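Spelled out, the chains give:
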Amino acid sequence: MAPESAPAIYQIYPRSFQDTTGSGVGDIQGIIQRLDHVAGLGVDAIWLSPLYVSPWVDGGYDIIDHTAIDPRFGTMADFDALVDKAHGLGLQVYMDQVLNHTSDQAPWFQAAIAGDADKADYYLWRDPKPDGSPPNNWLAQFGLPAWKWNHKRRQYYFHQFLPEQPSLNLRNPAVQDMIAGQMKGWRDRGVDGFRFDVVTAFLWDESLKDNPPATPKVHRKVAGEVFNPYTYQDHVYDMLPGDGAAYAENLRKWAGDDAYLFGENTSGNKSIELAMAFTAPGRLDSVYTTDLPENRGSPAIVAEVIARADSLQRITGWLSSHDQPRHGRGDASDPVLALQMAFLPGPWIIYQGEEYGLRQPDLAQEDVTDPLDLLYWPDGPGREGARVPMPWDAVADSYAFTKGTPWLPMDWDRGDLQRAQAQLAPFYRQIIGLRRDLGWDTAEVVDCTAQDDLLDLTIRAKDGRSFRGLFSHGGGDFADPPQGNPIVTADALCPTLAPDGWCGAVWSV
Ligand code: NOJ
């Protein structure tokens, strides 16, 4: 059953969570081992980044078999044990669903290359133009041309991310049947919901017309750094023509009414408006956009999201992920942002390790495996840094993540970790509890003012109680702070409050 409240969802990136075999890579038994910590925070659910069979060219988002567990993570019996343990702890389990593309090693794609016409239509193949060039000007989201030549078929195929991730033709009824079966299979194993990768990229205009150039405003807004050539186009033909958001009705039908469904919007431009379209009745529960993390939850962006969204229940709040550099700074801003996120109504994703105040580490180029980071090295986006394995124990070798060599170098500050484990993690526990007990998660926004570094937010819970949160992101005075003691304040954790001006507190009003 989907939770009645807006879930607090803990994101687990399995490769980097806990290794139990000494391979240096996390595994399902490791997740089981650390699940008490997650449940202890008081969250409602876990989101598991992909566990499926994959060559890991794109960190597991390039899938060979959507129905099987990668042996490096364990077995299906391990997975079943994980679901059992999670349910025993009162946690829902949300699986990643990467429906937009497969790995180029997937059997259907290999069959298409070998000449299987039915399987070729699982993807998008086109002849070259008479001069041998690609069928149109479309670019992949990572910034490479979106067409890759295959000499065996003497055709180009379409890919919206890496060339190793051919895009699936999601209008093909055979592909739809296959996806419906996959999702049913996971639901039958006890999975409670799904996170859908890049839902805004699912459909394209079959005319395959060239995209027009972006206006300067669209250029700045299209997701991705402005140095990525993808941002130079207005993606009117390669993304979401007409019925794009309605496709979410299929996802709902295949997943079941009682599943919690949330999707990733990578469109940038019109992000919140698209999120509303994708969460119309009968579609997804919520959608997350890059607005909050790209602006580190600034007062201005919170006010903008509130103004543009019909309801925050339909926006999944978050600040960090396996794709987004960690927002933690190891200073007073961490508990303030945590409290602000807990206070903001709607679902909330907590990325593994943010409760430990982890900061985005620097990596040497020779250690980085992410093709996207390497494409623009050293200028971004910094995805691999966010994937450095979890430190569990400040004094143990490899921080107790592994008995082997971690797949990425771990160089966490042991003193900072100890402090965060003693202070910040219990604070997360406290505010996740308050959010649930006081009904902030399902509250509605009554008033929101953002001025420079100050956010002043009043919300009303379903039972009629009202709360006011004041959050300073570095300075200034609030004109009329509420009288009396706050219910909770981030200040106790901020000995450096005065110098850097970060503070946050919530009052009953
Ligand atoms: C979004 C995922 O979160 C990211 O890691 C991946 O590279 C792209 N989708 C493509 O699947």
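I will try to describe carefully the structure that is included in this document. (Residues numbered from 1 in each chain as written. Predicted model: local features only at pLDDT ≥ 70, side-chain atom pairs only at ≥ 80, totals over all residues. Heavy atoms only, no water.)

Things to note about the pairing of strand 17 (residues 502-508)
Piece 1. Counting buried residues in strand 17 gives 5 out of 7 residues, a clear majority hidden from the surface.
Piece 2. Of the pairings in the sheet, the one linking strand 15 (residues 466-473) to strand 17 comprises 7 bridges and is antiparallel in character. Bridging across to strand 17, Leu 470 finds its partner in Ala 505.
Piece 3. Pairing of strand 16 (residues 488-489) with strand 17, which is carried by 2 bridges, proceeds in the antiparallel orientation. (Buried < 20%, exposed > 50% of the residue type's maximum accessible area, 1.4 Å probe, protein only. Helix = DSSP H or I, 4+ residues; strand = E, 2+ residues; numbered from the N terminus. Pairing = 2+ DSSP bridges.)

Concerning the packing of helix 11 (residues 333-343) against helix 14 (residues 424-437)
Piece 1. With their axes 9 Å apart at the nearest point, helix 11 and helix 14 run at an angle of 15° to one another. Taken together, the axes of helix 11 and helix 14 lie roughly parallel to each other. Between helix 11 and helix 14 the crossing geometry is right-handed. Along its contact with helix 11, which presents Asp 334, Pro 335, Ala 338, Leu 339 and Ala 342, the element helix 14 presents Leu 424, Phe 427, Tyr 428, Ile 431 and Arg 435.
Piece 2. Here the contact of helix 11 with helix 14 is composed, by residue class, of 8 nonpolar, no polar and 2 charged. (Axes fitted to C-alpha atoms, helices over the stretch in contact; angles between N-to-C directions. Parallel < 35°, antiparallel > 145°, perpendicular 65-115°, else oblique. Left-handed = near helix turned anticlockwise from the far one by under 90°. Contact = heavy atoms within 4.5 Å. Nonpolar A, V, L, I, M, F, W, Y, C, P; charged D, E, K, R; others polar.)

Thoughts on unusual backbone geometry
Piece 1. The amide bond that connects Trp 377 to the next residue, Pro 378, takes the cis arrangement and shows omega of 0°.
Piece 2. Its location among the elements puts Pro 378 in the loop between helix 12 (371-375) and helix 13 (414-422).
Piece 3. Pro 381 follows Gly 380 through a cis peptide bond whose omega is 0°.
Piece 4. Note on placement: Pro 381 falls in the loop between helix 12 and helix 13.
Piece 5. Of note in the backbone geometry, Arg 154 takes a positive phi value of approximately 55° without being a glycine.
Piece 6. Checked against the element boundaries, Arg 154 lands in the loop between strand 7 (147-150) and strand 8 (155-158).
Piece 7. Positive phi values are uncommon outside glycine, yet Ala 400 reaches one of about 65°.
Piece 8. With respect to the helices, strands and loops of the structure, Ala 400 is situated in the loop between helix 12 and helix 13.

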